[in-house]
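Residues per chain are reported as follows:
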Amino acid sequence: MTDAPDAVLFDYSGTLFRLEEDESWFADLRVGDDESIDGHHQAELMRRLTQPVGATVTLDDDGHRAWERRDLDPAMHRAAYLAVLAASGVHRREHAEALYDRVIEPDSWTPYPDTARVLRGLAERGIPVAVVSNIAFDLRPAFARLGVDDAVTSFVLSFEVGAIKPDPAIFRTALDRLGVPAERALMVGDSEEADGGARALGTAFGLVDPLPTVDRPTALLDVVAAHGLDLR
């Protein structure tokens, strides 16, 4: 693609929004022999709960099956991440469930500083947008809270469409919904492996770093500008 794309696809976690913990989430949480969780352990738990691809711990057969299907079925998603937390030392189920419930709560997700500006800017230019996410819960309320749900043409969520990135099927579904040929679209995400799968269809790909939101003020603006869409 040599000029600006006719449509843009975005990943969700680590791209448009980031799950950023609050200290209160861990105040009553205990691991191992009833030890409180320090900052390092908090960070590692959050990494394990948000890593886009690959298993983060060794799981038993049931846990592995749930992990493989976690983004296709809400029940499997819950089972998989409760298993991950248990394997990470959070042995009290009520503690693991409380932390998991934070993960799937849309209000827990922080938008990147330029998310609203980019989505609004694309909408104002008449460029359709799809959010393409490997996820097993409805993330639309996070966009509604930010006031940009109407700037997203289509939400293509793995648990609703039955396909997981990097399977070309999920990108094809998004492109079909937007009515744009693959070679006329741009996919933006934080994972070369998962989001970069759009390249198999001939779609351009822009990579962003899933840094904390305070450390990444303009990455979305920068990546779309690099592909011919300057929204500044």
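The notes below deal with the structure included here. Since the model is a prediction, treat every value here as computed from it, not as a measurement.

Focus: the overall build of the chain
Point 1. Helices and strands together make up the secondary structure of the chain, namely nine helices and nine strands.
Point 2. Residue pairs at least 24 apart in sequence account for 66% of intrachain contacts in the chain once pairs closer than 6 positions are excluded.
Point 3. Here the chain displays about 10,300 Å² of accessible surface, and carbon together with sulfur accounts for 46% of that area.

Notes on the environment of Asp222
Point 1. Following the sequence through the fold, Asp222 ends up in helix α9 (residues 219-226).
Point 2. Taking the C-alpha atoms as reference points, Asp222 and Gly206, 16 residues apart in sequence, are found 9.7 Å from one another.

A word on the pairing of strand β6 (residues 129-133)
Point 1. Taking burial as the measure, the five residues of β6 include five buried ones, the bulk of the element.
Point 2. Because side chains alternate across β6, one face comprises the buried residues Val129, Val131 and Ser133, and the other comprises Ala130 and Val132, equally buried.
Point 3. As paired strands, strand β1 (residues 7-10) and β6 are joined by three bridges and run parallel to one another. Bridge pairing in β6 places Phe10 opposite Val131.

Description of α9
Point 1. Within the span of α9, buried status applies to Ala219, Leu220, Leu221, Val223 and Val224.
Point 2. At the exit of α9 stands Gly228, carrying a positive phi of roughly 95 degrees.

What to know about the nonpolar core
Point 1. In this structure, Phe10, Tyr12, Leu122 and Phe143 are the most contacted members of the largest nonpolar core, which totals 51 residues.
Point 2. By size, the runner-up hydrophobic cluster in this structure holds 17 residues, among which are Val132, Ile170, Leu178 and Ala185.

Re the sheet that holds β1
Point 1. Sheet architecture is open: five strands sit in the order β7-β6-β1-β8-β9, paired in parallel fashion. Bordering the open sheet on either side are β7 (154-157) and β9 (204-207), each of which pairs with just one other strand. Each strand of the sheet is rotated relative to its neighbour by a mean of 20 degrees, with strand direction disregarded.
Point 2. Relative to β7, β6 is paired through four bridges, and the arrangement is parallel. Of the residues in β7, the one forming a bridge with Ser133 is Leu157.
Point 3. Its contacts with the sheet place α9 against β1, β8 (185-189) and β9, and it is angled at close to 150 degrees to β8.

Digging into unusual backbone geometry
Point 1. Cis rather than trans, the peptide bond between Lys165 and Pro166 has omega equal to 15 degrees.
Point 2. Looking at the element boundaries, Pro166 is found in the loop between α7 (158-161) and α8 (168-178).

Brief notes about the packing of helix α3 (residues 74-87) against helix α4 (residues 93-103)
Point 1. The N-to-C vectors of α3 and α4 enclose an angle of 125 degrees; their axes lie 10 Å apart at closest approach. By the criterion of interaxial angle, the relationship of α3 to α4 is oblique. Crossing geometry of α3 relative to α4 is assigned as right-handed. On α4, the residues touching Pro74, His77, Arg78, Tyr81, Leu82 and Leu85 of α3 are Arg93, Ala96, Glu97, Leu99, Tyr100 and Asp101.

Parameters and conventions
Residues numbered from 1 in each chain as written. Predicted model: local features only at pLDDT ≥ 70, side-chain atom pairs only at ≥ 80, totals over all residues. Heavy atoms only, no water. Helix = DSSP H or I, 4+ residues; strand = E, 2+ residues; numbered from the N terminus. Contact = heavy atoms within 4.5 Å. Areas by Shrake-Rupley, 256 points an atom, 1.4 Å probe, with all protein chains shown as cover. Buried < 20%, exposed > 50% of the residue type's maximum accessible area, 1.4 Å probe, protein only. Pairing = 2+ DSSP bridges. Core = buried A, V, L, I, M, F, W, Y, C linked by side-chain atoms within 4.5 Å. Axes fitted to C-alpha atoms, helices over the stretch in contact; angles between N-to-C directions. Parallel < 35°, antiparallel > 145°, perpendicular 65-115°, else oblique. Left-handed = near helix turned anticlockwise from the far one by under 90°.

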